[in-house]
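# Architecture at a glance
Spelled out, the chains give:
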Amino acid sequence: MPFKKTIIVHGGAWNIPDQLIELSKTGVAEAAQIGMNTLTRGGSALDAVEAAIRSMEDKVYFNAGKGASRNSEGGYELDAMIMNGATLQTGCVAAVRNIFHPITLARKIMEQTDHILIVGEGANKLAEKLGITEQNINNLLTQQEAQLHTQLNKTTPPTVKELFAGDTVGAVALDTNGNIAAGTSTGGLPGKLPGRVGDTPLPGCGAYADNQSGGASATGWGEAIAKVVLSKQACDLMANNTPPQKAAETAINTLTQKTKGWAGLITLNQKSETGTAYNTSRMARALMKEQMHQPQTTI
Ligand code: GLY
């Protein structure tokens, strides 16, 4: 029997301000719909995750791609990963500059190299070889987007205790063959040190997928998420038959207790069961299963 096509996406946790609520909901709904359209056309879970994340990387109000936060020197260094739950193949990229769909570069690293993670200058050189053109963010933004971008990327970086607006984006999908894929993309912590890498491109931290357990994608404070290997933790719980909702809640509770950090997590298993948990004030997310007329969106 075919599996039930499903996609769950998040547009980041933290303290999404009131004026961004509707935009964030629209952004995650669109991403879930794009992911489901991909699955409906016969695309794989990997195709759906990549397509959904690309659409969020295009939105200036999410902290990924075009909307990435600046580091302490005013530059952009982007991280992403994608994972195939059928094979455990993984592609990750970190601290890459001027590439506004790092999720696509991560997938190419997974499928076209023998490596898992490529960083910095090496990632930019590889992108060029693979036909991904570098672009300056300022050339990509419309005037309206540029204004919002400036407003969101405050010049004084917040401390990690001061919740900032929005974060990392991510998606987990299940296709009709029962394959699960997960991915995540981010500009990282605003005001981070140049070269700093958080959880997002680290397998098991920013995301994880294994058909036999399920998939997960994280958002939040990378230094805390990595300490508890948040996404793998939820997948291990699902491997022991813990439902995805309980797995997400347990993983976030562990993070809270052990690190006092802030994060959010989405989960999905082969039964098309999903979960969402976060200990921040908000987290934008959307869910779409086959036969639903439109994504279910929450913040
Ligand atoms: N979760 C994104 C980061 O900490 O870089």
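Here we summarise the structure given alongside this text. Since the model is a prediction, treat every value here as computed from it, not as a measurement.

### Remarks on a nonpolar patch on the surface
Residues Ile116, Leu117 and Val119 make up a contiguous nonpolar surface patch of roughly 240 Å² in combined accessible area. You can see leucine 117 is positioned in strand E4 (residues 117–119).

### A look at helix H1 (residues 21–40)
Its 20 residues give H1 an end-to-end C-alpha distance of 28 Å, which sits within 8% of 28 Å, the value for a rise of 1.5 Å per residue. Those residues of H1 that fall on the buried side of the exposure criterion are Ile21, Ser24, Gly27, Val28, Ala29, Ala31, Ala32, Gly35, Met36, Thr38 and Leu39. Looking at the buried residues of H1, the elements they touch are strand E1 (6–10), helix H2 (45–57), strand E5 (169–174), strand E11 (285–289) and strand E12 (296–298). Taken from the residues just after H1, glycine 42 is the one with a positive phi, measuring 100°.

### Quick look at the site of the ligand
All residues adjacent to the ligand are Asp167, Thr168, Thr186, Gly188, Leu189, Arg196, Gly198, Asp199, Thr200, Gly220 and Gly222. In the model, an oxygen atom of the ligand is placed 2.6 Å from a nitrogen or oxygen of the arginine 196 side chain. One of the backbone nitrogen or oxygen atoms of glycine 220 is found 2.7 Å away from a nitrogen atom of the ligand. The fraction of the free accessible surface of the ligand (190 Å²) that becomes covered by protein chains is 100%. The cavity where the ligand resides is the largest cavity. Grouping the amino acids of the shell around the ligand by side-chain chemistry returns 1 nonpolar, 7 polar and 3 charged.

### Regarding the layout of surface pockets
Empty space within the second largest pocket amounts to approximately 180 Å³. Of the residues contributing to the lining of the second largest pocket, the split by class is 3 nonpolar, 7 polar and 2 charged.

Quick notes on the rules
Residues numbered from 1 in each chain as written. Predicted model: local features only at pLDDT ≥ 70, side-chain atom pairs only at ≥ 80, totals over all residues. Heavy atoms only, no water. Patch = residues over 30% accessible without salt bridge, like charges linked within 9 Å, V, L, I, M, F, W, Y side chains within 5 Å. Areas by Shrake-Rupley, 256 points an atom, 1.4 Å probe, with all protein chains shown as cover. Salt bridge = Lys/Arg side-chain N within 4 Å of Asp/Glu carboxyl O. Helix = DSSP H or I, 4+ residues; strand = E, 2+ residues; numbered from the N terminus. Expected span 1.5 Å × (residues − 1). Buried < 20%, exposed > 50% of the residue type's maximum accessible area, 1.4 Å probe, protein only. Contact = heavy atoms within 4.5 Å. Near = heavy atom within 4 Å. Polar contact = N/O pair within 3.5 Å; in protein donor to acceptor, adjacent residues only side chain to side chain. 1 Å grid on protein atoms, 1.4 Å probe; cavity = no way out; pocket = protein on both sides within 12 Å on 5 of 7 lines; lining within 4 Å. Sits in = over half its atoms within 2 Å of the grid points. Nonpolar A, V, L, I, M, F, W, Y, C, P; charged D, E, K, R; others polar. Points joined across faces, edges and corners; volume = space filled by probe spheres on them.

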